[in-house]
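Descriptive structure summary
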Amino acid sequence: MLNLLFVDILRIIQKKMVMKLSMIFAAFLFLVYTNAFSQSSTIQGIITDASSGQTIQGANVLLLNFDNRQIKGAVTDRNGLYRLQNISPGEYKIRISYVGYITSLDTLEIKKEETITYSASLSVDNAQLDELIVSVKSEAANISGGHQRVSAVDLTRVVTPAGSGDIANYLQALPGVVSSGDRGGQLFVRGGTPSENLVLIDGLMIYQPFHIVGFFSVFPENLLANADFYAGGFSSKYSGRTSSVLDVQMRDGNINKTVGKGSISPFLAEIQAEGPLGDGKNASWIASVRSSQIERTSEALFGNTQPLHFESQFLKLTQFSDDGTRCSAMAMRTYDRGKLDFDMGNSFSWSNFVLGGKCTHLPKDSDIYVDFSAGLSHLSNTMGGSTETNLSSGLTRLSLNLDMNQSAGKLKLNYGVKSHMKWINYNIEELFQIPSSETNILMGLGGYAVSYIPIGNNLTIRPGVSLSFYANTYSPTIEPRFQLSWQPYGSNNHELNASIGIYRQTIAGISDLRDVGSAFIAWLPTPNDERMEAIHSLIGWKQNLGNGLQFSAEGYHKKLNNIPVSLWSTIAEFTTEIDYADGDIWGADVRVEFENRRFYTFLGYGYSWTEYQSAQENFNVWFGSPVQSYHPSHDRRHQLNSMISVYLGKYTAGIRWQFGTGLPFTRQMGYDGLLSFDQGLPNVRTNYGTPRVILDKPFQGRTPSYHRLDISIERQFEFNFGSIFIQAGAINTYDRVNLFYYDVFTQRRINQLPFAPYASVKMEL
Amino acid sequence: MKKLNSLSSKNFLRSLPIFLISLLFINSCDDTLDPVKENDRFYYSIFGYLDSSEEKQWIRIINLQEDIDTTGQRFDGYVSLENLETGETSTLKDSLFQFSSNIYAHNFWTEQEIRRNDKYRITVERSDGAESSVTVEIPDSFERPEYRPPVSPGDPGRLIIREVDNLADASIRFRIKYSLSDIIVNQSISVISDTISSGNDSYYIPISTDRISQVTKDLDTADIIECELYVARAGPDWIHFSSLDPNLIALADGISNVENGTGYVVGVTSISIPYPNSSCSD
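The helix and strand tally for chain A stands at six helices and 46 strands. Counting every position in chain A, which comprises 765 residues, the buried fraction comes to 61%. Sequence-distant contacts in chain A: of pairs separated by 6 or more residues, those separated by 24 or more amount to 64%.

Next comes the structure, spelled out in structure tokens:
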């Protein structure tokens, strides 16, 4: 009772704080903005890789006077963009550096009230090339207010049974990220469900990017430029989801020469090629084709065929011009199919198609950076395909987005408008059930604004607001959010981050949560014009302990409202009848990371407590109370992840060990066939009835704990034509019997992968 | 601060190997799963009906706390039927039925007389003494139903039912005899959903004389024999299923009248009258 009271009080405080802060933000913005126009100049530009044309995130840009004293400094963002503001007129040196690249040095003359666009391309320093991978700073413990940057190098640190790393495997090594297992493609982030995650590929939504084999996604190491992962507390720039954001930028092709790479392992085969388009060295292409191999190799590896298959095709064209315009067009197609229970059970399949374009522009005499994107995102997914069960669901979305990035003195402002149209449909046909189907069309318009306001030298606040409108359905919504960063000692070696905000979404993904082993999601608009809502609060501390040691700790709370959940039933049928639940999620992550030239290690612990409360009429008859509180099937209470990489010349060794406590499941009290009397007296000699499970209260049981050790060793060989990497390793090295899920309707226990040795060969030309 | 940081790094590195080795011992953690909750609420599932007009009674009984029967397992339990008015008791005999390639169920039968207006209790007792039971009351008889032929050609006739407060069943029952194999199969067509109330516990049901032939017209090598119209009246514990939420019906405690178990058993009295078409089908 006291706990509920505390939660209610916290919710009221959270909402009041958020509303007050948004009013303060508006007033502050006005004051700061009007004061910001002093007589100062700005230098801005985009930093790219000279050989590939790829923008470089994290490059250091320093403005120095001729005594080499630093005047201003900035770091490029994910678009390679930097800005140095409030510069007095004069002559300066500008130095641009990034690990593994030759430092660029130039002189600039700045006049009064001038905006200068100075972009540069950095060349790779071949002397450092071999050490580039180990020198790139890892970000696993560098978490700020739920936000973590992910680079391609990070993905190499997690043992993956293929020629290269993958973001799916990497994310599952982070505290607070729970997967349904080594198959299924479902990720639960800090208590949220998969349909509450927003995943973007070059600014366009992709609905189900994680493959049916859990190590893989559409974001392999070779295609990743950079990614931002927000486990919560994300800014107003991202809207429409209540749990997390994964914003991925894919690599551009090499503008100088045509190169290729390919790899093969028992799990996956992939080919990738890229090169210049035309002669002008201002356009490129990159293409990738990947196909799983486990269906072919599993008989030899495991003694039984695992009916799991995925494939993807990707193509991106990029062009940039001297006037600061950069445009790209991209297409991605994926297909997954398989059975989670290899011997029985339903088949699942899903397919994504994403097509779109993006243009960015940094005008020479303006301080507004413009980012425009448009595209199509489509998902279709099915379950069954037999005469007994045939479920299908689909989503199609057309979107147009315009984002602006502007500075005014010390103040930075991000704002934008978005519009989209969505078609959502499902079709449910099950034996003994009346078929049902529904199609919905939603048209939405939205906008956002986020401001970066430094206060003194140690504090930055980032208030923001997101607005959305829907034609003919949901009422308009305003979602205020607030973030702050405080560096008490004036450097980012010690930083406190906090954020609070309201998040809402209008579509729900309904899956059968009575058991975890379902990969089918029926998409529908949240009914009754009620949006799902979450209020995020988090606070964290990160500290660089020196000598390569980094530490961070973060605590969070999410208050959830109007979560659609399946109507509780004892019948083994998929239902789109839904009811609502409210929820609370409490958690904390602690991360420690150490790296030097030869050695890298990461240790992460996550604690999470998730509880839903749902009021359903059936509960009253069943349990004597209409309201039931339960911990849903993704509530993994404790998680421990560790990774070690050792670099010894041409050899790289990797170890990963992960541990998680058991997941809730609903225990059964009995099983029979339900005979119906509504069409007359049943004939027990000819009719078995509808299979029925007598269920205990929801999710009162816990599955056994889960742990797994993966190891790998890789050797690089250099030849005139390129490089060959040979890797050998094992997944689940000590052959732990880990439960994947328990099917309460068939009383079958389905386990995850047993000991799985593998070898892979990768060639780079 | 520098010294502290340096010490922190060294301590961290030193403790790593010990930590990693100790993790390997965690492999001995239990990986068993116990999905069934032992309980004293649900021992057996009991479904069926007792018909005072039938010579043989069939009841479906499933042991809820055992795994799904996919191989035809032996039944752990003793089933008895007791007339609570007279004390007459019989032991029901077990008969294993297979419903698909991997689903079996036990149906129990008895030829004990079922008397109108008496109460009966079915008791299932497990070898360890756990017990489920259900008590039903057999209703009195009712006015014999009447079939009225159609007034105009092409119109259906009417089955007239009177004095039935709880209409449990109205159906066309017949048997199909396959000529080539001499196998005889019992069939029925439910017509209860076509019932129209005419007030005061009275109903009529439109039934055309070719109703059987509508469903059997494709059976070339079979004869339809022994057709009749069947009407059953249920006792006072009858539940009007058609008006209930299916989710409620599906709940173990939703509509069950079984003690320490789940399911539904009802007492009925039935009357059969000849099918209006003497040849059963045209």
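With 61 residues of chain A at the interface, the matching set in chain B holds 68 residues. Across the chain A to chain B interface the summed buried area is about 5,600 Å²; carbon plus sulfur atoms make up 65%. When residues of chain A are sorted by the area they lose upon contact with chain B, Met669, Phe677 and Leu681 of chain A head the list and together hold 14% of the total. Between the two partners, chain A and chain B, sit two salt bridges. When the shortest N-O distance is used, the salt bridge between Arg667 of chain A and Asp34 of chain B registers 3.2 Å.

A few words on the domain arrangement of chain B. Interfaces are often described in size by the accessible area the parts lose on coming together. All names here are of chain B. Assigned domains within chain B: domain 1 (5–139 + 236–269) and domain 2 (146–233). Taken together, the links from domain 1 to domain 2 amount to one salt bridge. With its nearest N and O atoms 3.8 Å apart, the salt bridge here joins Glu54 to Arg173. Where domain 1 touches domain 2, the interface holds two residue pairs in polar contact (both at pLDDT 80 or more). For the side of domain 1 that touches domain 2, the elements supplying multiple residues, two or more each, are strand S1 (44–51) and strand S17 (261–274). No other element matches the three residues that S17 contributes to the side of domain 1 that touches domain 2. Looking at side-chain class alone, the side of domain 1 that touches domain 2 contains five nonpolar, three polar and two charged residues.

All names here are of chain A. Summed over the entire model, instances satisfying the criterion amount to 38 salt bridges over all chains. For Arg692, the salt bridge goes to Asp672, with nearest N and O atoms at 2.9 Å. Highlighted residues: Arg692 in strand S40 (residues 690–695) and Asp672 in strand S39 (residues 668–674), separated in sequence by 20 residues. Among the ionic pairs, Arg708 bridges to Asp710, the shortest N-O distance being 2.8 Å. For the residue pair Arg708 and Asp710, the accessibility class agrees, reading buried in each case.

Residue and element names in this part refer to chain B. Tracing the sequence through the fold places Asp51 in strand S1. Buried charged residue Asp51 carries no salt bridge. Nearest counter-charge: Arg173, at 5.6 Å. Within the structure, the side chain of Asp51 is placed 2.8 Å from the side chain of Ser270, a separation counted as a polar contact. Those residues in contact with Asp51 that sit more than four places away from it in its chain are Gln57, Ile114, Tyr230, Val268, Thr269 and Ser270.

Conventions used here
Residues numbered from 1 in each chain as written. Chains lettered and ligands numbered in written order. Predicted model: local features only at pLDDT ≥ 70, side-chain atom pairs only at ≥ 80, totals over all residues. Heavy atoms only, no water. Helix = DSSP H or I, 4+ residues; strand = E, 2+ residues; numbered from the N terminus. Buried < 20%, exposed > 50% of the residue type's maximum accessible area, 1.4 Å probe, protein only. Contact = heavy atoms within 4.5 Å. Buried area = accessible area lost by both parts, 1.4 Å probe. Salt bridge = Lys/Arg side-chain N within 4 Å of Asp/Glu carboxyl O. Domains from an automatic or database assignment. Polar contact = N/O pair within 3.5 Å; in protein donor to acceptor, adjacent residues only side chain to side chain. Nonpolar A, V, L, I, M, F, W, Y, C, P; charged D, E, K, R; others polar. Lys, Arg positive; Asp, Glu negative; His and termini not counted.

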